[in-house]
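Coordinate analysis (summary)
One-letter residues, chain by chain:
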Amino acid sequence: MALTRIRALFSFLVLSLLSVAALADPPTRVARLAHITGNASFSPGGERDWGGAVVNRPLVTGDRLWVDRGSRAELQMGTVAVRAAGATNITLLNLDDRTTQIQLSQGTLHVSVRRLDRGQVVEINTPNLAFSIRRPGSYRIEVDMRDDWTEVAVMQGLARVFGDRRAFVVNERQGYVFYGAGLDDFEAVALRRPDEFDRWATARERRWATSPSRRYVSPEMIGFADLDRAGAWKTVAQLGSVWIPRSVAADWAPYRDGHWSWIEPWGWTWIDEEPWAFATSHYGRWTRVDNRWAWVPGPANVRPVYAPALVAFVGNGSPGAANSTVAWFPLGPRDVYRPAYTVSREYFYNLNASNARVDRQRLTAVYDNRGVNVTYVNQQVPGAIIAVPAAAFSQSQPVARITIRINEQGFDRAPVLPAPRVVPQQASVMGPAAARAARPPETAPVRPVVAQVAPPPPPPPFAARQGALAANAGKPLDPAAVAAIKPAAPASAAVVKVVPETEAVSVPKAAASASPAAAERRARRQRGGEAPAAGAPAAPASAVPGTPAAAAPAPARAPAPAPAPAPAPAPASAAPAAAPAAPASATPAAVDTGPGAGGRARAREAREARDERQGARRAGAAQQPASAAAPAASAPAAAASPAAPAASRPSRPERRAERARPAASAASAAADGASAPPRR
């Protein structure tokens, strides 16, 4: 018994030590800002200011992203892609190897999940609910901040929604709109026909699925699909498959067209200006093939580990010294990458083994600093070393504009450093595009979002860390040092309400709430929304960017009634044909038929049917069924109850909502009643 206890205690101590070591390791992935159409801006975690977002910018926990009206953006996180429509505001609440947690304050997201490992969490947090994705698939989430509702749609896959006291399962081909935070007030809606935003997101996803580069790299490598149009693959002896860029200058070298930014916990991070250069900057190695630069990826069957820049630094890098410079060159296929940030031995091995072909014994010797004689081949390649003034380096200035001529014969034998001794500045965090940043509406209220998984605390602002970074000679702070920094008030902290995990059940057939306020809110959403008040944020746009309609709110479509008790069957000749794209719980009348096919179309059809019936009665003509007098598009609604059209018998919540609305919206309310089956 004593021996068993000793073994258990020993195992506990080993696991504790491993856990402490793992806490020091940074995540193996980031969120790459992969595409921007129009204008987008970001705010680093802990900061109040906004800077212009640029393609290839890595985003980490705490960062915020605003996609301006009429614009679009895409984030790539390994096997997860998040695409944002215009007027969308998101925050990365948590991003590590296990969890992807995104706060959606307003706007529309299209989420594609290609693979989910056991225990992996992908969660979208909105003011109304926590949307937890449970299977690979395609999902759409839309938040209306003004009217306090969240619409979720599962095109493919499986999800669960969590509220204050309830949790529901949302199956494939189902959609719902939830009001409030308790999941008590909701309605089933038909899946919308794909709009321009959906088609754009699908086309972007297709690029990944059909990329020829998938044959040469790991499917979890971020940014590999962008290599297809910018270069070609070639097989080289002793190296295997390499990729050679096609449209670069004769004197081009890797890590020249871009800038350096300070992104913790990695520190100095390279952000390349070429749209295709994310994968080649943060994975693999570079070498010379046929007198041209060629990129050598790591093993395709190994999950790649992200690195801020796979380079080696040379030079003093002290901004206070006269004529001080910072220089670097790309690592070769068998070079060992020594990070400036704190990592465990196993992380160090995975970081190098997933991006190069390096022997483990050599990696162990380098990690233990056992005086291994390291030779860097690219250090002697003409034109491989890039040098800039240290002061310009710390200001994140574009490298290609400030490159200085150096005596390569001096740098090719200079000692190699893991990182330059350059202390980051505020400009290092914000980047070079801060002046032209678009900002989210200042009138947007700060509302808590619902989460099922508790996110980590927000990072402290850079100003609170700057003194410690200066004392650390520009090296990143380890997690313990960062945790010890406690600012008086975080500059930008999301308000998160964590709800306990509740057993998810099928969505009930009817909502528990039917208050007049809820009815008015539903009616306004069905009409496509009213004109927002001055200064209020507009609804997300889904039109093609660059067109006048792109900045206008996307028209809402009619909701499908929740599966309430079925009405009396209509005659077979009057039954509408079922829409193949609609879920089983939705009616064909709820399927959107394009812009303007919501409340306005039904109101027009109801008025036409009413006018024709009144004209027939005044003329003394025989009473005709409404389905014969009305246009063909309104036949299903009229045939549902020929003797008493539903337009003259709205439901009780609809009558309350109609009394609360201005008289000008009465026609829309009547049409909404006409499109619903009669209640028994």
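1. What to know about the side chain of Asn125
Relative to the helices and strands, Asn125 is located in strand E10 (residues 121-125). Relative accessible area serves as the criterion here: at 0%, Asn125 is assigned to the buried category. Separated by 2.6 Å, the side chains of Asn125 and Glu123 make a polar contact. Contact partners of Asn125, with chain neighbours within four places excluded, come to Leu93, Gln101, Ile102, Gln103, Leu104, Ala130, Val449, Val450, Ala451 and Gln452.

2. Concerning helix H2 (residues 196-209)
For H2, with 14 residues, the first-to-last C-alpha span of 20 Å sits near the 20 Å given by 1.5 Å per residue. Taken residue by residue, H2 has Phe197, Asp198, Trp200, Ala201, Arg204, Glu205 and Trp208 as its buried positions. For H2, the arc enclosing every buried residue in end-on projection is 165°, short of the 170-degree limit, so these residues lie on one face. Its buried side turned inward, H2 meets strand E1 (31-37), strand E6 (72-77), strand E7 (80-84), strand E9 (99-113) and strand E12 (137-144). Between the side-chain oxygen at the start of H2 and the backbone nitrogen of Phe197 there is a gap of 3.2 Å, and the oxygen is on Asp195.

3. Comments concerning the confidence of the model for the protein
For any part of a model where pLDDT is low, the fine detail of the predicted coordinates should not be relied upon. For the protein, per-residue confidence averages 78 on the pLDDT scale, and residues scoring 70 or more make up 69% of the total. Predicted confidence is poor over residues 530-602, with pLDDT under 50, and the contacts of this stretch with residues over four places away or in other chains come to 130 contacts. Under a pLDDT of 50 for its full length, residues 618-680 has, in the predicted model, 67 contacts with residues more than four places off or in other chains.

4. Description of the environment of Ile244
Take Ile244: it is sitting in strand E19 (residues 240-245). For the pair formed by Ile244 and Ala294, sequence separation is 50 residues and the distance between their alpha carbons is 4.6 Å. Those residues in contact with Ile244 that lie beyond four places of it in its chain are Gly231, Ala232, Lys234, Arg292, Trp293 and Ala294.

5. Considering helix H5 (residues 360-367)
Along H5, the positions that sit buried rather than exposed are Leu363, Ala365 and Val366. Along H5, the residues classed as buried sweep out an arc of 160° about the axis, all on the same side. In this structure, the buried residues of H5 make contact with helix H4 (345-353). Capping the start of H5 is the job of one residue whose side-chain oxygen sits 2.9 Å from the backbone nitrogen of Gln361: Asp359.

6. Thoughts on the nonpolar core
Membership of the largest hydrophobic core comes to 76 residues, with the highest contact counts inside it found for Trp260, Trp295, Trp328 and Phe393. Counting 42 residues, the second largest nonpolar core, distinct from the first, contains Leu75, Leu129, Ile141 and Leu183.

7. Focus on unusual backbone geometry
Backbone torsion omega between Glu264 and Pro265 reads 15°, so that peptide bond is classified as cis. Within the secondary structure layout, Pro265 lies in the loop between strand E20 (258-263) and strand E21 (267-272). Even without being a glycine, Asn56 presents a positive backbone phi close to 80°. Inspection of the secondary structure assignment puts Asn56 in the loop between strand E3 (51-52) and strand E4 (58-59). Despite not being glycine, Ser396 has its phi angle at roughly 60°, a positive value.

8. Section: the pattern of salt bridges
Tallying each qualifying case throughout the model produces 27 salt bridges. The partner of Glu205 in a salt bridge is Arg83, and the shortest N-O contact between them spans 3.0 Å. Residue Glu205 is found in helix H2, and its partner Arg83 is found in strand E7; the two are separated by 122 residues along the sequence. The class of Glu205 is buried, set by a relative accessible area of 16%. The partner of Glu196 in a salt bridge is Arg199, and the shortest N-O contact between them spans 2.8 Å. One end of the pair, Glu196, and the other, Arg199, are both in helix H2, three residues apart, so they sit about a helical turn from each other. Note on Glu196: relative accessible area 32%, which makes it partly exposed. By relative accessible area, which is 41% here, Arg199 ends up partly exposed. Several salt bridges converge on common partners, so that one network encompasses Arg140, Glu142, Glu151, Arg192, Asp195 and Asp198.

9. A closer look at the packing of H4 against H5
Here H4 crosses H5 at 130°, and the two axes come no closer than 10 Å. The angle between H4 and H5 falls in the class oblique. In terms of crossing hand, the pair formed by H4 and H5 is right-handed. When H4 is examined against H5, the residues Arg345, Glu346, Phe348, Tyr349 and Asn352 are found in contact with a partner set consisting of Arg360, Leu363, Thr364, Val366 and Tyr367. Its residues assigned to classes, the contact of H4 with H5 comprises five nonpolar, two polar and three charged.

Cut-offs and rules
Residues numbered from 1 in each chain as written. Predicted model: local features only at pLDDT ≥ 70, side-chain atom pairs only at ≥ 80, totals over all residues. Heavy atoms only, no water. Helix = DSSP H or I, 4+ residues; strand = E, 2+ residues; numbered from the N terminus. Buried < 20%, exposed > 50% of the residue type's maximum accessible area, 1.4 Å probe, protein only. Polar contact = N/O pair within 3.5 Å; in protein donor to acceptor, adjacent residues only side chain to side chain. Contact = heavy atoms within 4.5 Å. Expected span 1.5 Å × (residues − 1). Arc of directions from axis to C-beta. pLDDT = per-residue confidence, 0-100. Core = buried A, V, L, I, M, F, W, Y, C linked by side-chain atoms within 4.5 Å. Salt bridge = Lys/Arg side-chain N within 4 Å of Asp/Glu carboxyl O. Axes fitted to C-alpha atoms, helices over the stretch in contact; angles between N-to-C directions. Parallel < 35°, antiparallel > 145°, perpendicular 65-115°, else oblique. Left-handed = near helix turned anticlockwise from the far one by under 90°. Nonpolar A, V, L, I, M, F, W, Y, C, P; charged D, E, K, R; others polar.

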